[in-house]
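# Reading the structure
For reference, the chains in residue letters:
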Amino acid sequence: MNFEFNVDGGDFTNAGSSSSTVKKLMKQLGVSPEIVKRTVVALYEAEVNIVAHANKGTIFVELEEDRIHIRLVDSGQGIPDIEQAMQKGFSTASVLVREMGFGAGMGLPNIKANSDHLEITSEIGKGTTVDIINYF
Ligand SMILES: Nc1ncnc2c1ncn2[C@@H]1O[C@H](COP(=O)(O)OP(=O)(O)O)[C@@H](O)[C@H]1O
Ligand SMILES: [Mg+2]
């Protein structure tokens, strides 16, 4: 099953809509609640990162019998130092974003902790691609 979602930068009200759809579909497939939860946490954080740190993006989901592969592609400023960005607490979130309760710098560490496979590639001034794979 393949599907995709569009994400708009700055649109915090709709952040999380892809993860609730994915949650529903994974449950319907009979994936264990623990793996559903891990996947939804990782996807939500990655989606919020597009909203908070990029202009727009697309989420491509491949939901298969034994695994889910989620690719988030955004056009944005990119991540200059991925290793630094992965550190707990590191954040470049704006004051506005922080005031809305985002920007604790825990998103990428949480994605890492909740995915079986994580790959991030980024090009400055162009955008970022995040690949998450979880096995059932
Ligand atoms: N899609 C993205 N585009 C550009 N920068 C990003 C993206 N995702 C993460 N980052 C950078 O990595 C940092 C850490 O991300 P994260 O751990 O999710 O923390 P937070 O989103 O709370 O700042 C962000 O502050 C930002 O600088
Ligand atoms: Mg984040």
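Conventions we followed
- Residues numbered from 1 in each chain as written.
- Chains lettered and ligands numbered in written order.
- Predicted model: local features only at pLDDT ≥ 70, side-chain atom pairs only at ≥ 80, totals over all residues.
- Heavy atoms only, no water.
- Patch = residues over 30% accessible without salt bridge, like charges linked within 9 Å, V, L, I, M, F, W, Y side chains within 5 Å.
- Areas by Shrake-Rupley, 256 points an atom, 1.4 Å probe, with all protein chains shown as cover.
- Salt bridge = Lys/Arg side-chain N within 4 Å of Asp/Glu carboxyl O.
- Helix = DSSP H or I, 4+ residues; strand = E, 2+ residues; numbered from the N terminus.
- Buried < 20%, exposed > 50% of the residue type's maximum accessible area, 1.4 Å probe, protein only.
- Core = buried A, V, L, I, M, F, W, Y, C linked by side-chain atoms within 4.5 Å.
- Contact = heavy atoms within 4.5 Å.
- Polar contact = N/O pair within 3.5 Å; in protein donor to acceptor, adjacent residues only side chain to side chain.
- Near = heavy atom within 4 Å.

A cluster of nonpolar residues, Met1, Leu29 and Phe136, forms a patch on the protein surface that exposes about 270 Å² of accessible area. When you line up the elements, Leu29 lands in helix H1 (residues 17–29). The class for Leu29 is partly exposed, based on a relative accessible area of 41%.

Bringing the nonpolar core into the picture now. Taken as a class, soluble globular proteins show a tendency for nonpolar side chains to be buried jointly. One finds Val22, Met26, Ile59, Val61, Ile70, Leu72 and Ile132 to be the most contacted residues of the largest nonpolar core, which totals 34 residues. Of all the secondary-structure elements, those providing two or more residues to this core are strand S1 (2–8), H1, helix H2 (33–53), strand S2 (54–63), strand S3 (67–76), helix H5 (107–113), strand S4 (117–123) and strand S5 (127–135). The dominant element in this core, judged by the number of residues it contributes, is H2, at nine residues. Excluding residues that lie within four positions of it along the chain, Ile132 makes contacts with Ala42, Ala46, Ile68, His69, Ile70, Leu72, Ile111, Ser115, His117 and Leu118.

All right, on to the side chain of Ser19 then. Counting through the fold element by element, Ser19 comes out in helix H1. On the basis of relative accessible area, Ser19 is assigned to the buried category, the value being 4%. Within the structure, the side chain of Ser19 is placed 3.1 Å from the backbone oxygen of Gly16, a separation counted as a polar contact. Beyond its immediate sequence surroundings of up to four residues, Ser19 is in contact with Val40, Leu43, Tyr44 and Glu47.

Near ligand 1, the surroundings consist of 18 residues, among which His53, Asp74, Ser91, Thr92 and Gly105 are the closest. The side chain of Ser91 places a nitrogen or oxygen atom 2.5 Å from an oxygen atom of ligand 1. One of the backbone N or O atoms of Gly107 is found 3.2 Å from an oxygen atom in ligand 1. Its free accessible area being 530 Å², ligand 1 has 94% of it covered by the protein chains. Listing elements by their share of the shell around ligand 1, those giving two or more residues are H2 and H5. Here the element with the most residues in the shell around ligand 1 is H5; it accounts for three residues.

Read these as spatial facts, not as claims about activity.
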